[in-house]
Amino acid sequence: MNMHQTYRWGMLAPGKIAHKFASGLQYVPGAELYAIASRDEVKAKNFADQYHAPVSYGSYEALATDPLVDIIYIATPHTFHMENTLLCLEHGKAVLCEKPLAINSYQVETMIQSAKENDSFLMEAVWSRFLPNIHRAKELVESGKIGVINHLEADFGFKADYDPHSRLFDPALGGGALLDIGIYPLFFALYLFGVPNKVESEAKLAPTGVDESCRVKLTFAGGETANIYITVTEFTAVEARIEGDQGAIHLPNRWYQPGNLAITTEHGTEDIVMDFVGNGYNYQAVEVMNCLKEGRRESTRWSHNDSLQLMRLMDEIREQCGIEYPADHIDR
Ligand SMILES: NC(=O)c1ccc[n+]([C@@H]2O[C@H](COP(=O)([O-])OP(=O)(O)OC[C@H]3O[C@@H](n4cnc5c(N)ncnc54)[C@H](OP(=O)(O)O)[C@@H]3O)[C@@H](O)[C@H]2O)c1
């Protein structure tokens, strides 16, 4: 690590989400977008030019072995997260890896083990966890303003064109709604209630065998429940509602992004307007850098164990729904 508390970021795989992350990084004090790596050298150079990164590479290995890189952000499809993360960790890089951290809990355990063995930082890019609106919702819950919470209702749905070879539908790329977007309401349920003791789920499968929509009911130790619906076949409200015995908190459309909230109690409904910096993807980058400044190898706000519990939950849902990936049967 350099001594000036400026961190040089490398980006591995400049696809769609990488553009958003690169834009967000511009709002992070002390973050330098230093290098871009693609399998295609020209693509890496174009991306680097667009975001004023001085270095570009035509291979992921070249990025992982560049001694000037401090942190690598990984943005390949899910099925490559483990391989790419291990490459970077083994070269002593701190890693922020896109969600889902991998495709099953065996892979997540392997990645965590590697982070420990290489004494390197690892965090899953569950960006919503670090957004002010999500943080505020949790704060309001903890303040007791809506009493004792007993239920979460959350959905995430959009309509994607069916393409069996796309990241969303191809089992070889870890396709399906659950791993791609189910992760948001599931993370929120874990954040609010902890690990459920009962999971009931059903999915509608696409012709490729991955889930195009999925309904999950979670029941927690104190009898609290969460109803979750995710789909890539229709546009849904994309809202979240936390219910307590004295009120409710409403997170409106695209609740997992930067946005406002409303709280309803016996005194009526109060809108809470939030302030944001950047495009929202910057908050997770700030968390990574804060951890590194403090010499930590994992975040306490989204820890290794949080990623593992989330993936174990998705493993269980996949098992109930009969969703399998070719990569489930290798790497062991
Ligand atoms: N946090 C969020 O809001 C958010 C939103 C969307 C996606 N994501 C996550 O980010 C990851 C990437 O999603 P994306 O939508 O950005 O995907 P994408 O546009 O398809 O980009 C993925 C990149 O991965 C690289 N890659 C390496 N091997 C590949 C292969 N065999 N097939 C396809 N691409 C390959 C490619 O880069 P090169 O060829 O240049 O190396 C490609 O540009 C996913 O895990 C997803 O869950 C997060």
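The structure we're discussing is the one just above.
Since we're looking at a predicted model, the values are computed, not measured. (Residues numbered from 1 in each chain as written. Predicted model: local features only at pLDDT ≥ 70, side-chain atom pairs only at ≥ 80, totals over all residues. Heavy atoms only, no water.)

### Overview of the pairing of strand E12 (residues 247–251)
Put simply, the test is: Burial here depends on accessible area, computed with a 1.4 Å probe over protein chains only, as a share of the maximum for the residue type. Under 20% is buried, over 50% is exposed, and the range in between is partly exposed. Each helix is a run of DSSP H or I of at least 4 residues and each strand a run of E of at least 2, with the numbering of both proceeding from the N terminus. Should DSSP find at least two bridges between two strands, the strands are regarded as paired.
For E12, the buried fraction is high: four of the five residues fall into the buried class. Note: strand E11 (residues 240–244) against E12, five bridges, orientation antiparallel. Paired with Gly-244 across the bridge in E12 is Gly-247. What sits between E11 and E12 in their antiparallel hairpin is a turn of two residues. Here E12 runs beside strand E13 (residues 261–265); their pairing, made up of three bridges, is antiparallel. Within E13, the residue paired with His-250 across the bridge is Ala-262.

### As for the packing of helix H4 (residues 81–90) against helix H5 (residues 105–117)
Convention followed: To get an axis, fit a line to the C-alpha atoms, keeping to the stretch in contact for a helix; angles then go from 0 to 180 degrees between the N-to-C directions. For classification purposes, an angle smaller than 35 degrees is called roughly parallel, one larger than 145 roughly antiparallel, one from 65 to 115 roughly perpendicular, and anything else oblique. Residue contacts are defined here by distance: any two heavy atoms, one from each residue, within 4.5 Å place the two residues in contact. Amino acids outside the nonpolar list (Ala, Val, Leu, Ile, Met, Phe, Trp, Tyr, Cys, Pro) and the charged list (Asp, Glu, Lys, Arg) are all regarded as polar, and Gly is one of them.
Following both chains from N to C, one finds H4 and H5 inclined at 5°, their axes separated by 10 Å at the closest point. By the angle class used here, H4 and H5 are roughly parallel. Contact with H4, carried on its side by His-81, Met-82, Thr-85, Leu-86 and Leu-89, involves Gln-107, Thr-110, Met-111, Ser-114 and Ala-115 of H5 and no other residues of that element. Taken together, the residues of the contact of H4 with H5 sort by class into five nonpolar, five polar and no charged.

### With respect to the pattern of salt bridges
Two side chains bearing opposite charge may form a pair once their charged atoms approach each other closely. Formally: Only one rule defines a salt bridge in this text: a Lys or Arg side-chain nitrogen within 4 Å of an Asp or Glu carboxyl oxygen.
Under the counting rule described, the total for this entry stands at 14 salt bridges. Between Glu-243 and Arg-241 there is a salt bridge, and its shortest N-O distance comes to 3.1 Å. Residue class for Glu-243 comes out partly exposed when judged on its relative accessible area of 26%. Relative accessible area serves as the criterion here: at 37%, Arg-241 is assigned to the partly exposed category. Sharing partners across several salt bridges, the network here consists of Lys-99, Arg-167 and Asp-180.

### Looking at the sheet that holds strand E5 (residues 94–98)
Across a sheet, paired strands are connected by hydrogen bonds in the backbone, their directions being either parallel or antiparallel. With parallel pairing, the six strands of this open sheet are ordered in space as E3-E2-E1-E4-E5-E6. Of all the strands in the sheet, just strand E3 (55–57) and strand E6 (122–125) have a single pairing partner and so form its edges. This sheet shows a mean twist of 25° between the axes of neighbouring strands, independent of strand direction. Strand direction decides the pairing type here: strand E2 (residues 31–37) and E3, joined by three bridges, are parallel. In the sheet register, Ala-35 faces E3, and the bridge partner there is Val-55. Running over the sheet, helix H1 (residues 16–25) touches strand E1 (7–12), E2, strand E4 (71–74) and E5 and is turned about 165° from E1. Seen against the sheet, H4 touches E1, E4, E5 and E6 and runs at an angle of roughly 170° to E5.

### Here we look at the state of the cysteines
Here, the word disulfide means a covalent bond between the sulfur atoms of two cysteines. Keep this limit in mind: Cysteine sulfur pairs qualify as disulfides if the two atoms are within 2.5 Å.
Here the structure, examined in full by the defined rule, presents zero disulfides. No disulfide involves Cys-214; its nearest neighbouring cysteine sulfur is the one of Cys-321, lying 4.4 Å away.

### Focus on the packing of aromatic side chains
The line we're drawing: Only Phe, Tyr and Trp rings are paired, with Trp represented by its six-membered ring, and only when their centres lie within 6.5 Å; those with planes under 30 degrees apart are stacked, over 60 edge-to-face, the remainder tilted. Whether a charge sits over a ring depends on NZ of Lys or CZ of Arg being within 6 Å of the ring centre and within 35 degrees of the ring normal.
Throughout the structure, instances matching the rule amount to 16 aromatic pairs. Members of the aromatic cluster, connected to one another through ring pairs, are Trp-127, Phe-156, Phe-158, Tyr-184, Phe-187, Phe-188, Tyr-191, Trp-255, Tyr-256, Tyr-281 and Trp-302. One cation-aromatic arrangement involves Arg-129 over Phe-130; the distance from NZ or CZ to the ring centre is 5.9 Å. The ring centre of Tyr-191 lies 4.8 Å from the NZ or CZ of Lys-138, which sits over that ring.

### Section: the nonpolar core
Stated precisely, the cut-off is as follows: Throughout this description, the term nonpolar core refers to a set of buried Ala, Val, Leu, Ile, Met, Phe, Trp, Tyr and Cys residues connected via side-chain atoms within 4.5 Å. In this entry, domain limits derive from an automatic or database-based domain assignment.
Trp-9, Phe-188 and Ile-242 are the most contacted members of the largest nonpolar core, which has 120 residues in total. Element by element, the count of residues in this core is highest for helix H7 (residues 177–193), at 14 residues. Shared between two domains, this core takes at least three residues from each, and those domains are domain 1 (7–128) and domain 2 (132–275). Leave out the neighbours within four places in its chain, and Phe-188 touches Ile-134, Ala-137, Leu-152, Ala-240, Ile-242, Leu-251 and Trp-255.

### Describing unusual backbone geometry
Cis rather than trans, the peptide bond between Lys-99 and Pro-100 has omega equal to -15°. Mapped onto the elements, Pro-100 comes out in the loop between E5 and H5.

### Some points on the site of the ligand
To keep things clear, this is the line we draw: Near is defined per residue: the residue qualifies when any heavy atom it owns lies within 4 Å of the molecule or strand. Any pair of nitrogen or oxygen atoms within 3.5 Å is treated as a polar contact; in protein, a donor-acceptor pairing is required on top of that, and neighbouring residues in sequence qualify only through side-chain atoms on both sides. Note that accessible areas follow from Shrake-Rupley with a 1.4 Å probe, and for residues the cover is restricted to the protein chains shown.
Lining the immediate environment of the ligand, one finds 23 residues, of which Ser-38, Lys-43, Tyr-60, His-78 and Lys-99 sit closest. Within the side chain of His-81, an N or O atom sits 3.1 Å from an oxygen atom of the ligand. Between the ligand and the protein, one listed contact pairs an oxygen atom with a side-chain N or O atom of Asp-180 at 3.5 Å. Against a free-state accessible area of 890 Å², the protein chains account for coverage of 83% of the ligand. Residue assignment for the shell around the ligand shows that the elements contributing at least two residues are H1 and H7. For the shell around the ligand, a count of residues per class yields eleven nonpolar, five polar and seven charged.

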